[in-house]
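If you want the building blocks of each chain, they are given just below.
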There are 2 protein chains.
Amino acid sequence: MSTLCQPSVLFPQYKITQAQMIEHLEELHGDHPRLPLARRMIQNTEVNTRHLVLPIDELSVHTGLTHRSIVYEREARAMSSQAALEALDSAGLTPQDIRMVIVTSCTGFMMPSLTAHLINDLNMAQSTIQLPIAQLGCVAGAAAINRANDFASLDSRNHVLIVSLEFSSLCYQPDDTKLHAFISSALFGDAVSACVVRADDEAAGFHIKGTRSFFLPNSEHFIRYDVKDTGFHFTLDKAVMNSIKDVAPVMEELNQKVYNQQCAFNDFFVFHTGGRKILDELVNKLELPEDKVAHSRTSLSEAGNIASVVVFDVLRRRFAANTEEGSIGMLAAFGPGFTAEMAVGQWAA
Amino acid sequence: MSTLCQPSVLFPQYKITQAQMIEHLEELHGDHPRLPLARRMIQNTEVNTRHLVLPIDELSVHTGLTHRSIVYEREARAMSSQAALEALDSAGLTPQDIRMVIVTSCTGFMMPSLTAHLINDLNMAQSTIQLPIAQLGCVAGAAAINRANDFASLDSRNHVLIVSLEFSSLCYQPDDTKLHAFISSALFGDAVSACVVRADDEAAGFHIKGTRSFFLPNSEHFIRYDVKDTGFHFTLDKAVMNSIKDVAPVMEELNQKVYNQQCAFNDFFVFHTGGRKILDELVNKLELPEDKVAHSRTSLSEAGNIASVVVFDVLRRRFAANTEEGSIGMLAAFGPGFTAEMAVGQWAA
């Protein structure tokens, strides 16, 4: 038994509307033949605003991986401890109660990992286990939850702190003029979250009753990075849209096993947003009433795809909605591999 | 109960002696004032040979992070499956028996992680859990073992495959003329290993009886990367040498708890090599007979510091030495943070 407690989600100070982003791309690439198509596609993402760690004007000239790595580390250190302290407070625990700290982030690289900074800054125990996850992209938040649940299942004192941190704007490649680069530069946003997985049921939140990992064979090209002199270059194959039809039966199987009912009868969902079409596919393949993915749609609209942070932002909205005691739900995220991680559980108010 | 089975360790085809490396550095930086000091320090490393994924002449001109990332991915894919199949065979398992695949590597970055490649190439189950670890440096091999042991403790079918892969030569920075850059360019080597952690006691090997993680506060600067346009730049603070005095009491504590005896009375050790001085410090602080670290010294001499692969290379030598049934030992590694991971256990022949 483990409990996903109330997360803290922080957004960096700079904000950009999608209209401003289109304007920015038009200024940079006004004569690009596919820009009108990119504009329509960006308008179709249903992203309205995103938060950035630097103003878009500063991001429009690539300052190099050296400089961007310095910004990444500076902002990561500045924002992660605050989020962690808020999450610990919500979970009714102190930093010294934590036995494992997981950090997920695919938009920058630090070694030592940010886990070391958190242990130092929060004065956590010297025996704290560190688990940094950098290569699971958008699925990393849910993967961290499921690995935390595994660890929590070993001992009722195995409380885990998960900090997820994405500064996608520091992977913005202003000189990349491929169509999918335009789209992703307007899809991904920046955010930081922290969430405690308590190894008992002594807190309100999502009580995890079962988890499952899923890998879709021969789909490594669906979502990937090219690692270049200028950092991480994100590429997306539109075939990824077809992957939900393969993962949906696995989601149904997990739900049947734990709750003996179809997903459609669940009370709520904490879904990674991916993009509008991924959510449409989930609604379609799981035959869900549209209102059950409303929090994911709002998160996408207000923050963009914030990668491994998304599930925590959607979970935050679930807490704010005063979810009823005993409601049954599913949490799921998708990412490179193609990989999915899912968990079913019950709400304790 | 989990068992660390016989690992497979593969070395890439190019080999360089320390004399050849010194010659190479003298050709590149002949007029550098600190080169004579670097030469003496390199001779003191007690590294005799190392293996490289490319010939040293090709590495001496930095071809850029874009190119190096392509080489990293090509070689990682080529070598990892073979190592994995050999390790599975030694463990008496098939790829379909594996429930979690962990990949450790701090010398390159791929997303999707190499875990995806392994699941595809070995036709592992779609439910296989992926855990890529990139940011724990030299401690990652032992960290992977301890996390695998946690997972294995949940179910006797939770077998884990760990693939560790380091191509340190692809982080060689020929234009970096700081003294520590000279030393590290002659210390780190390339290698790939695979090892199965069986979730039962039905194989020969190291039966894990207890594990421990350790973090030394305010030591983030001891071992770190600067992430630059040219990739990862390794920096080492000599203060790291003093960290063994802090970790040794924790090693003793774990040993006492599980075996009620001092480390010095253990039959064997599987130590990360770090460098000659780290091994000297371990011998000194744990009051060990010198022959008990002989395998770590030989690994260092024959392969250099192969980062997260070291513990598996030392473990391989422990298997080859026909270790006696019931012998008591400890496995430990050290890395950025400053972080240590240790496990005590008993040998089953």
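All figures in this text were calculated on a predicted structure; none of them were measured in a lab.

Conventions used here
Residues numbered from 1 in each chain as written. Chains lettered and ligands numbered in written order. Predicted model: local features only at pLDDT ≥ 70, side-chain atom pairs only at ≥ 80, totals over all residues. Heavy atoms only, no water. UniProt positions renumbered as here; feature names shortened; annotations may be inferred. Helix = DSSP H or I, 4+ residues; strand = E, 2+ residues; numbered from the N terminus. Buried < 20%, exposed > 50% of the residue type's maximum accessible area, 1.4 Å probe, protein only. Pairing = 2+ DSSP bridges. Core = buried A, V, L, I, M, F, W, Y, C linked by side-chain atoms within 4.5 Å. Contact = heavy atoms within 4.5 Å. Axes fitted to C-alpha atoms, helices over the stretch in contact; angles between N-to-C directions. Left-handed = near helix turned anticlockwise from the far one by under 90°. Nonpolar A, V, L, I, M, F, W, Y, C, P; charged D, E, K, R; others polar.

The next thing to look at is the UniProt feature "active site" (unreviewed entry) in chain A. In the UniProt entry, the feature "active site" (unreviewed entry) is given for Cys138(A). With respect to the helices, strands and loops of the structure, Cys138(A) is situated in the loop between strand S6 (129-133) and helix H6 (140-152).

Our next topic: the pairing of strand S8 (residues 190-198) of chain B. Residue and element names in this part refer to chain B. Of all nine residues that make up S8, nine are buried, and the element is covered over most of its length. The alternating pattern of S8 places Asp190, Val192, Ala194, Val196 and Arg198 on one face and Ala191, Ser193, Cys195 and Val197 on the opposite face, and all of these are buried. Where strand S1 (residues 2-4) and S8 come together, two bridges link them in antiparallel fashion. Looking at the pairing, Leu4 lines up with Val197 of S8. Relative to S8, strand S2 (residues 8-10) is paired through three bridges, and the arrangement is antiparallel. Of the residues in S8, the one forming a bridge with Val9 is Ser193. As paired elements, strand S7 (residues 159-167) and S8 share eight bridges and run antiparallel to each other.

Now for the nonpolar core. By size, the foremost hydrophobic cluster in this structure holds 94 residues, and its most contacted members are Met251(A), Phe271(A), Phe334(A), Met251(B), Phe271(B) and Phe334(B). Residues within four places of Met251(A) in sequence aside, it is in contact with Cys263(A), Phe271(A), Leu282(A), Leu286(A), Met330(A), Ala332(A), Phe334(A) and Met342(A).

Using the residue numbers shown here, the UniProt feature "domain: Chalcone/stilbene synthase N-terminal" (unreviewed entry) corresponds to residues 39-200 of chain A. Secondary structure across residues 39-200 of chain A divides into 41% helix and 21% strand, with the first and last C-alpha atoms of the span separated by 48 Å.

Before going further, it helps to examine the packing of helix H1 (residues 18-29) of chain A against helix H7 (residues 179-187) of chain A. A packed helix pair is summarised by two numbers, namely the angle formed by the two axes and the spacing between the axes. Residues and elements named next belong to chain A. Interaxial distance between H1 and H7 falls to 10 Å at its minimum, and their mutual angle equals 145 degrees. In this structure, the crossing between H1 and H7 has a hand that is right-handed. Counting all contacts with H1, which are made through Gln18, Met21, Leu25 and His29, the residues of H7 involved are Phe182, Ser185 and Ala186. Its residues placed into classes, the contact of H1 with H7 shows four nonpolar, three polar and no charged.

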